[in-house]
Amino acid sequence: MFGIVRPCTHRLSEGLRTEWMAHLCGLCLALRADHGQFARIVTNYDGLIVSVLTEAQTGALPAGRRTAGPCPLRAMRTAPVAMGEGARLAAAVSLVLASAKVRDHVADRDGLLARRPVAAAARRVAAGWDRAGARTGAALGFDTALLVDAVDRQTGIETLAGPGTPLLTVTEPTETATAAAFAHTAVLAGKPRNAAPLAEAGRLFGRLAHLLDAVEDREADAASGAWNPLTVTGTSLTEARRLCDDALHGVRLALREVEFTDGQLVHVLLAHELRRSVDRAFGTSSCSHQGLQVPDGSFGPPPGNPYGPTPGGPAAPPPPRPPRDRRGLIAGCLVWAGLACTCQMCCGSYEDPWSRERREAPCQDCGDCCEACDCCGQCGEGCCCCGDSCGCDC
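Residues numbered from 1 in each chain as written. Predicted model: local features only at pLDDT ≥ 70, side-chain atom pairs only at ≥ 80, totals over all residues. Heavy atoms only, no water.

## Some details on the overall build of the protein chain
Link 1 in the chain: Regarding its fold elements, the protein chain presents twelve helices and four strands.
Link 2 in the chain: In the protein chain, the proportion of contacts linking residues at least 24 apart, taken out of those at least 6 apart, comes to 67%.
Link 3 in the chain: Taken as a whole, the protein chain presents about 19600 Å² of accessible surface, with 58% of it coming from carbon and sulfur. (Helix = DSSP H or I, 4+ residues; strand = E, 2+ residues; numbered from the N terminus. Contact = heavy atoms within 4.5 Å. Areas by Shrake-Rupley, 256 points an atom, 1.4 Å probe, with all protein chains shown as cover.)

As structure tokens, this is what we get:
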């Protein structure tokens, strides 16, 4: 799973978490339906934003959901998943961009791809993904040649880049590709007036994706001698952060011009979680509520044993434990693999693969929902409503 927008489920309300998973699973199943099982390997967190944008403009319709069968990555549970043109466009874009990522790794001779037979096989897979994405894109009226052309130009730009080359010259092909994908969601939704602001949001999102990838890979690329835009152009981390902050602000301004039927999930992903992605890459935090402390006992029952003896009376018996519907060994192992692969066992609450009991992951310090929003100081404490009713004007 790759992508820069990776929300922790702690920061999503139950409703938005269900919606986010519906789009993620919808992208995965759209890839399988149109391109076979192996294509599901390109499922990524950023690709599903295309599906989210399409549905946000039209509103969730009953015809846009279906119930998918049990899946190990969902702890063998059924779930509603997104379907339709938005999910298929997300699949087409994911295939082409994954193809670009493979070719980039081949060009950099990363790992096993430094060996000619492996590199040749990878190039064949990438070419197949290009053709598959083009077929789906054509069925939706989207010309994926725009994406392929941007990818091809990227190689030439990187070859010519050197010290002093403007960093935005290097990010331009990625910006062009994501702008085209974002804008076409307006066409699918039947709201052509949204195309221009969505193209602007997509352009800046592509800039962020390119810059954050460069920042995160900077040390590893330096150690391996791989090409990195920051190193080659001589751009400092301070300048890269400034460009990222400008892009974040631009995305928010562009989204204000878009007519959404239900833009809650879009706002959470592209206003709040995108900010967290930048903070994560640069190792910083931007929450204005960091100093806010909640007194112990402000919420929930007081500390101590609620079943202990009360003054003047015997101890109350604990409630009986509900019967457990345990899974078998093999089914439990499959569920465990799914939970481990999706990081649910590392962050969040999850259902024990065998006993089905609710358990808390060891990593609970995911931060406050406002940690990604620099407008908290303007909205007040009510900004921490990034779930079903975010009132934050950002």
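So, next bit.
## A closer look at the nonpolar core
Link 1 in the chain: The biggest cluster of nonpolar side chains holds 74 residues, and the ones touching the most others in it are L270 and L274.
Link 2 in the chain: Residue contacts for L270: discarding those within four places in its chain leaves I49, L53, F182, F205, V251 and L255. (Core = buried A, V, L, I, M, F, W, Y, C linked by side-chain atoms within 4.5 Å. Buried < 20%, exposed > 50% of the residue type's maximum accessible area, 1.4 Å probe, protein only.)

## Points about the pattern of salt bridges
Link 1 in the chain: Inspection of every chain in the model, using the stated rule, returns 16 salt bridges.
Link 2 in the chain: Between E19 and R65 there is a salt bridge, and its shortest N-O distance comes to 2.5 Å. With E19 in helix α1 (residues 14–35) and R65 in strand β1 (residues 65–71), this residue pair connects regions lying 46 residues apart in the sequence.
Link 3 in the chain: Among the residues examined, R65 registers a relative accessible area of 18% and is labelled buried.
Link 4 in the chain: The closest approach of N and O atoms between R241 and D279, which form a salt bridge, is 2.9 Å. Taken together, the positions of R241 in helix α9 (residues 237–256) and D279 in helix α10 (residues 264–282) put the pair 38 residues apart, joining distant regions of the chain.
Link 5 in the chain: Under the relative-accessibility criterion, R241 is labelled buried at 16%.
Link 6 in the chain: One connected set of salt bridges, linked through shared partners, spans E175, E200, R203 and R207. (Salt bridge = Lys/Arg side-chain N within 4 Å of Asp/Glu carboxyl O.)

## Structural notes on the packing of aromatic side chains
Link 1 in the chain: Considering all chains together, one arrives at three aromatic pairs under this definition.
Link 2 in the chain: Judged by centre distance (5.7 Å) and plane angle (20°), the rings of W20 and Y45 are stacked. With a gap of 25 residues between them, W20 in helix α1 and Y45 in the loop between α1 and α2 (48–58) connect regions that are remote in the sequence. Per residue, the accessibility class of W20 equals that of Y45, and both read buried. (Phe/Tyr/Trp six-rings, centres within 6.5 Å; stacked < 30°, edge-to-face > 60°.)

## Looking at a nonpolar patch on the surface
Link 1 in the chain: On the surface, F38, I41 and V125 cluster together into a nonpolar patch covering about 290 Å² of accessible area.
Link 2 in the chain: We classify F38 as exposed; its relative accessible area is 53%. (Patch = residues over 30% accessible without salt bridge, like charges linked within 9 Å, V, L, I, M, F, W, Y side chains within 5 Å.)

## Thoughts on the confidence of the model for the protein chain
Link 1 in the chain: The pLDDT averaged across the protein chain works out to 78; a share of 71% of its residues lies at or above 70.
Link 2 in the chain: By mean pLDDT, the top-scoring element of the protein chain is α9 (96), and the lowest-scoring one is helix α12 (residues 376–379) (37).
Link 3 in the chain: A low-confidence stretch, residues 286–308 (pLDDT under 50), is modelled with 25 contacts involving residues beyond four sequence positions or located in other chains.
Link 4 in the chain: The low-confidence segment residues 362–391, where pLDDT is below 50, has 79 contacts with residues more than four positions distant or belonging to other chains. (pLDDT = per-residue confidence, 0-100.)

## Describing the pairing of β1
Link 1 in the chain: Where β1 lies against strand β2 (residues 77–82), five bridges are found, and the strand directions are antiparallel. Residue C71 lies in a different strand from β2, and its bridge partner there is R77.
Link 2 in the chain: Two successive antiparallel strands, β1 and β2, enclose a turn made up of five residues, where A75 displays a positive phi of approximately 60°. (Pairing = 2+ DSSP bridges.)

## Looking at α10
Link 1 in the chain: Over its 19 residues, α10 extends 26 Å from the first C-alpha to the last, a length consistent with the 27 Å expected when each residue adds 1.5 Å.
Link 2 in the chain: The sharpest bend along α10 comes to roughly 35°, located at E273.
Link 3 in the chain: In terms of burial, α10 is largely enclosed, as 17 of its 19 residues are buried.
Link 4 in the chain: Just past α10, the residue G283 takes up positive phi, approximately 70°. (Expected span 1.5 Å × (residues − 1). Bend = angle between axes of the 7 residues up to and from the residue.)

## Structural notes on helix α6 (residues 167–189)
Link 1 in the chain: Over its 23 residues, α6 runs 34 Å from end to end, which matches the ideal 33 Å to within 8%, given 1.5 Å per residue.
Link 2 in the chain: When the local axis directions of α6 are compared, the greatest deviation, roughly 35°, occurs at P173.
Link 3 in the chain: The buried fraction of α6 amounts to 17 of the 23 residues, a majority that puts the element mostly inside the structure.
Link 4 in the chain: Of the residues trailing α6, G190 is marked for its positive phi of about 75°.

## Topic: the layout of surface pockets
Link 1 in the chain: Each pocket or cavity is described by its volume, and for the second largest pocket that value is around 1300 Å³.
Link 2 in the chain: Taken together, 47 residues form the lining of the second largest pocket, with A100, K101, D104, T174 and D213 sitting closest to its centre.
Link 3 in the chain: Mapped onto the lining of the second largest pocket, the elements with two or more residues apiece are α3 (85–108), α5 (145–160), α6 and α7 (195–224).
Link 4 in the chain: Here the lining of the second largest pocket takes eleven residues from α3, the largest share from any one element.
Link 5 in the chain: For the lining of the second largest pocket, the class distribution of residues is 21 nonpolar, 13 polar and 13 charged. (1 Å grid on protein atoms, 1.4 Å probe; cavity = no way out; pocket = protein on both sides within 12 Å on 5 of 7 lines; lining within 4 Å. Points joined across faces, edges and corners; volume = space filled by probe spheres on them. Nonpolar A, V, L, I, M, F, W, Y, C, P; charged D, E, K, R; others polar.)

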